[in-house]
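Geometric and topological summary
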Amino acid sequence: FFYGSIALCKDPLQASVPKLLEGYKAGFALGDMESVTAYLQLYAGMAVWGCGDKLTRAGEIVRLHAKRMLQHKQVVSCKNILIHLQQATELIGLNEDVYSTF
């Protein structure tokens, strides 16, 4: 979690997005679900709102990791990132209720 916080202050936001996914993956490898949740929350918010990523791609990544969070019984964390997924689908112009698919 430390690198993402420092990079936010030092580098442009776009440089932090890939590092947030790296932190998420490292947290899963270590079993550190608190870090996984924090990195995924930051990634979802930054990818959808702040970094100029393509919304379709950001939505796909968030959906994939939301399913993974459910597999690991992290229901609250999953629902928290679904907020960003719903926003991405609405901005794209899709009329989809992402909450109903989970």
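Residues numbered from 1 in each chain as written. Predicted model: local features only at pLDDT ≥ 70, side-chain atom pairs only at ≥ 80, totals over all residues. Heavy atoms only, no water.

Let us look at the overall build of the chain. A count of helical and extended segments in the chain gives five helices and zero strands. Taken from N to C terminus, the helices and strands of the chain fall in the order α-α-α-α-α. Taking the contacts inside the chain whose residues are at least 6 apart along the sequence as the reference set, 56% of them involve residues at least 24 apart. Of the accessible surface of the chain, which amounts to about 6000 Å², a share of 58% is contributed by carbon and sulfur atoms. (Helix = DSSP H or I, 4+ residues; strand = E, 2+ residues; numbered from the N terminus. Contact = heavy atoms within 4.5 Å. Areas by Shrake-Rupley, 256 points an atom, 1.4 Å probe, with all protein chains shown as cover.)

Attention shifts here to the environment of glutamine 87. The topology assignment puts glutamine 87 in helix H5 (residues 75–92). For glutamine 87, a relative accessible area of 25% translates into the label partly exposed. On a C-alpha basis, the gap between glutamine 87 and valine 48 in space is 7.8 Å, while along the polypeptide they are 39 residues apart. (Buried < 20%, exposed > 50% of the residue type's maximum accessible area, 1.4 Å probe, protein only.)

Where the model shows low pLDDT, its predicted coordinates should not be examined in detail. In this model, the chain carries a mean pLDDT of 82, and residues with pLDDT of at least 70 account for 86%. Across the chain, the element-wise mean pLDDT spans from 55 in helix H1 (residues 2–10) up to 88 in H5. (pLDDT = per-residue confidence, 0-100.)

The next subject is the packing of helix H4 (residues 55–71) against H5. Packing of H4 against H5 brings their axes to within 9 Å, and their N-to-C directions diverge by 160°. Judged by the inter-axis angle, H4 sits roughly antiparallel to H5. For the pair H4 and H5, the crossing hand works out as left-handed. Here H4 contributes Leu55, Thr56, Gly59, Val62, Arg63, His65, Ala66, Met69 and Leu70 to the contact with H5, which in turn contributes Val75, Ser77, Cys78, Ile81, Leu82, Leu85, Ala88, Thr89, Leu91 and Ile92. (Axes fitted to C-alpha atoms, helices over the stretch in contact; angles between N-to-C directions. Parallel < 35°, antiparallel > 145°, perpendicular 65-115°, else oblique. Left-handed = near helix turned anticlockwise from the far one by under 90°.)

Further remarks concern the packing of aromatic side chains. In total, this model carries one aromatic pair according to the counting rule given. Look at tyrosine 24 and phenylalanine 28: their rings are 5.2 Å apart centre to centre, the planes differ by 90°, and that puts the pair in the edge-to-face class. Taken together, the residues span about one helical turn, with tyrosine 24 and phenylalanine 28 both in helix H2 (residues 13–30) at a distance of four residues. Given the relative accessible area of 11%, phenylalanine 28 is considered buried. The positively charged end of arginine 68 is found above the aromatic ring belonging to phenylalanine 28, 4.0 Å away from the centroid. (Phe/Tyr/Trp six-rings, centres within 6.5 Å; stacked < 30°, edge-to-face > 60°. Lys NZ or Arg CZ within 6 Å of the ring centre and 35° of its normal.)

Once that is clear, we can look at the side chain of serine 77. Position of serine 77 relative to the elements: it lies in helix H5. Overall, serine 77 belongs to the buried group, its relative accessible area being 10%. Within the local environment of serine 77, its side chain forms a polar contact with the side chain of threonine 37, the two groups lying 3.1 Å apart. Excluding residues that lie within four positions of it along the chain, serine 77 makes contacts with Thr37, Gln41 and Met69. (Polar contact = N/O pair within 3.5 Å; in protein donor to acceptor, adjacent residues only side chain to side chain.)

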